[in-house]
Amino acid sequence: MKVLLATQKPFSKEAVKGIRETLEKAGHKLTVLEGYKDHAEFVKAVKTAEALIIRSDQVSAEVVKAAPALKIVVRAGAGYDNVDLDACTKHGVVVMNTPGQNSNAVAELAIGLMIYAARNLYQPGTGSELRGRALGLQAFGNVGKLVASHARGMGMKVYAYDPYVGNEIMREFDVEPVASLEDLYTQSDYVSLHIPALPDTIASVGYELLARMPKGGTLLNTARKEVIDEPGLHKILAERPDLTYIADVMPDTYEQLVVTFPGRVYATPKKMGAETAEANENAGRAAAEQIIDFFATGNSTFQVNK
Ligand code: 3PG
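Residues numbered from 1 in each chain as written. Predicted model: local features only at pLDDT ≥ 70, side-chain atom pairs only at ≥ 80, totals over all residues. Heavy atoms only, no water.

### Remarks on the overall build of the protein chain
Here comes step 1: A tally of helices and strands in the protein chain yields 12 helices and 12 strands.
Here comes step 2: Its C-alpha atoms give the protein chain a radius of gyration of 20 Å, within 12% of the compact-globule value 19 Å for 306 residues.
Here comes step 3: Viewed in the frame of its principal axes, the protein chain has a C-alpha envelope of about 55 × 40 × 35 Å.
Here comes step 4: Burial statistics for the protein chain: of 306 residues in total, 50% are counted as buried.
Here comes step 5: Of the roughly 14300 Å² of accessible surface on the protein chain, 52% is carried by carbon and sulfur atoms.
Here comes step 6: Looking at the protein chain, you have 33 positive and 37 negative side-chain charges, and the mean spots of the two groups are 3 Å apart. (Helix = DSSP H or I, 4+ residues; strand = E, 2+ residues; numbered from the N terminus. Rg over C-alpha atoms; globule rule 2.2 N^0.38 Å. Buried < 20%, exposed > 50% of the residue type's maximum accessible area, 1.4 Å probe, protein only. Areas by Shrake-Rupley, 256 points an atom, 1.4 Å probe, with all protein chains shown as cover. Lys, Arg positive; Asp, Glu negative; His and termini not counted. Charge placed at Lys NZ, Arg CZ, Asp CG, Glu CD.)

Written as structure tokens, this is what we have:
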């Protein structure tokens, strides 16, 4: 089968080598489109593809339409908000993700950003320690669980809110479940977001929730920029000079935020949560293996458009 690896933000060379070797060993052929500048290049490249491996690349209806032989799209990563699921389903294209494969990289970055915030964005002066502070996890999936373990290792008190995960699972991780999102924000010095961008989460974190945070609170976002209500964020940062916002997903209004609230807002230049050799290799290889298995046996375990 013809597999296209289309990554605007390329995987490491080792990861691409692993994907190629895995696919070729099973008799598939790999074409690579990396670092492309505009969507049209992607649309052109999918013409004969039967399988597609992507990262945050936009699989639009136009891409799906331009790929009549396409049977499967694997998002080498967790979030698939970049894939037009309706268009794929309509064209009989199976969409999968590779859950858990890049989670540790994201979790470690969340901890790193938390330390960065605690030490005043590395500006000279007195910062604070994380030991003894309260961390609230908004969602307790693969990333949330790892952040919890790392944070517990540093002596933090960890709370979590996730309506889809049972309290007993949280307790297994030495995490205290809270009854509501409001309670999570009220009780946490740091809140770390691990929710996907879905219709009911988009623009869901804003003024009301952030206003509940204790003095000196920090919001950490390694999830998606879309989950933040940016006007609400501006409003609460203006009202509460003690709050900080740190993100791995740059807000649309970043320049304005940085100028208006100096030293209290930071975003990485490009989303780097999954940018580790390990995460690249794990997610890339898992994507290749899922494609091989899908064509060999019809296995659709990680299908997200069922
Ligand atoms: C994910 O959803 O897996 C992460 O956000 C990583 O995305 P990326 O592969 O585009 O870096």
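### Focus: the pattern of salt bridges
Here comes step 1: Considering all chains together, one arrives at 9 salt bridges under this definition.
Here comes step 2: A salt bridge links Glu21 to Lys17; its shortest N-O distance comes to 3.9 Å. Taken together, the residues span about one helical turn, with Glu21 and Lys17 both in helix α1 (residues 13-25) at a distance of 4 residues.
Here comes step 3: Glu21 sits in the partly exposed class, given a relative accessible area of 46%.
Here comes step 4: Overall, Lys17 belongs to the partly exposed group, its relative accessible area being 44%.
Here comes step 5: A salt bridge links Lys157 to Glu176, with the nearest nitrogen and oxygen atoms 3.0 Å apart. (Salt bridge = Lys/Arg side-chain N within 4 Å of Asp/Glu carboxyl O.)

### Points about the domain arrangement of the protein chain
Here comes step 1: Annotation of the protein chain at the domain level lists domain 1 (2-101 + 275-297) and domain 2 (103-267).
Here comes step 2: For domain 1 and domain 2, the distance between their C-alpha centroids amounts to 31 Å.
Here comes step 3: Listed by partner, the interface residues are 8 residues for domain 1 and 5 residues for domain 2.
Here comes step 4: Contact with domain 2 buries area across many residues of domain 1, yet Asp81, Gly100 and Thr276 alone supply 63% of it, more than any other trio.
Here comes step 5: Inspection of the domain 1/domain 2 interface yields 1 salt bridge. (Domains from an automatic or database assignment. Contact = heavy atoms within 4.5 Å. Buried area = accessible area lost by both parts, 1.4 Å probe.)

### Remarks on the packing of aromatic side chains
Here comes step 1: Taken as a whole, this structure holds 5 aromatic pairs when the rule is applied.
Here comes step 2: Centroid distance Tyr116 to Tyr122: 4.7 Å. Interplanar angle 80°. Geometry classified as edge-to-face.
Here comes step 3: A ring pair is formed by Tyr116 and Tyr266, whose centres lie 4.9 Å apart and whose planes are at 70°; its orientation type is edge-to-face. Linking Tyr116 in helix α5 (residues 103-118) with Tyr266 in strand β12 (residues 265-267), this pair joins segments that are 150 residues apart in sequence.
Here comes step 4: For Tyr116, a relative accessible area of 17% corresponds to the buried category.
Here comes step 5: A relative accessible area of 22% places Tyr266 in the partly exposed class.
Here comes step 6: Cluster of aromatic residues (ring-pair linked, three or more members): Tyr116, Tyr122 and Tyr266.
Here comes step 7: Lying across the ring of Tyr207, Lys235 places its NZ or CZ 4.0 Å from the centre. (Phe/Tyr/Trp six-rings, centres within 6.5 Å; stacked < 30°, edge-to-face > 60°. Lys NZ or Arg CZ within 6 Å of the ring centre and 35° of its normal.)

### What about the environment of Ser60?
Here comes step 1: Within the element layout of this structure, Ser60 appears in the loop between β3 (51-54) and α3 (61-65).
Here comes step 2: In contact with Ser60, not counting residues within four places along its chain, are His39 and Asp84.
Here comes step 3: Only 2.8 Å separates the side chain of Ser60 from the side chain of His39, close enough to count as a polar contact. (Polar contact = N/O pair within 3.5 Å; in protein donor to acceptor, adjacent residues only side chain to side chain.)

### Structural notes on the site of the ligand
Here comes step 1: By nearness alone, every residue bordering the ligand is listed as Lys9, Arg55, Ser56, Arg75, Gly77, Ala78, Gly79, Asn102, Arg224, Lys271 and Ala274.
Here comes step 2: The contact in question runs from an oxygen atom of the ligand to an N or O atom on the side chain of Arg55, over 2.9 Å.
Here comes step 3: Class assignment of the residues belonging to the shell around the ligand gives a composition of 2 nonpolar, 4 polar and 5 charged. (Near = heavy atom within 4 Å. Nonpolar A, V, L, I, M, F, W, Y, C, P; charged D, E, K, R; others polar.)

### A few points about unusual backbone geometry
Here comes step 1: One non-glycine residue, Asn120, adopts positive backbone phi at about 55°.
Here comes step 2: Checked against the element boundaries, Asn120 lands in the loop between α5 and β6 (134-138).
Here comes step 3: Phi angles above zero are rare outside glycine, and Leu121 is one such case at about 55°.
Here comes step 4: With respect to the element layout, Leu121 can be found in the loop between α5 and β6.

### Digging into the pairing of strand β2 (residues 29-34)
Here comes step 1: Examined bridge by bridge, strand β1 (residues 2-7) and β2 share 6 bridges and lie parallel to one another. Bridge pairing in β2 places Leu4 opposite Thr31. (Pairing = 2+ DSSP bridges.)

### Re the side chain of Gln290
Here comes step 1: On the secondary structure map, Gln290 appears in helix α12 (residues 277-297).
Here comes step 2: Note on Gln290: relative accessible area 11%, which makes it buried.
Here comes step 3: If we ignore the near neighbours within four places in the chain, the residues touching Gln290 are Val74, Met96, Asn97, Thr98 and Phe302.

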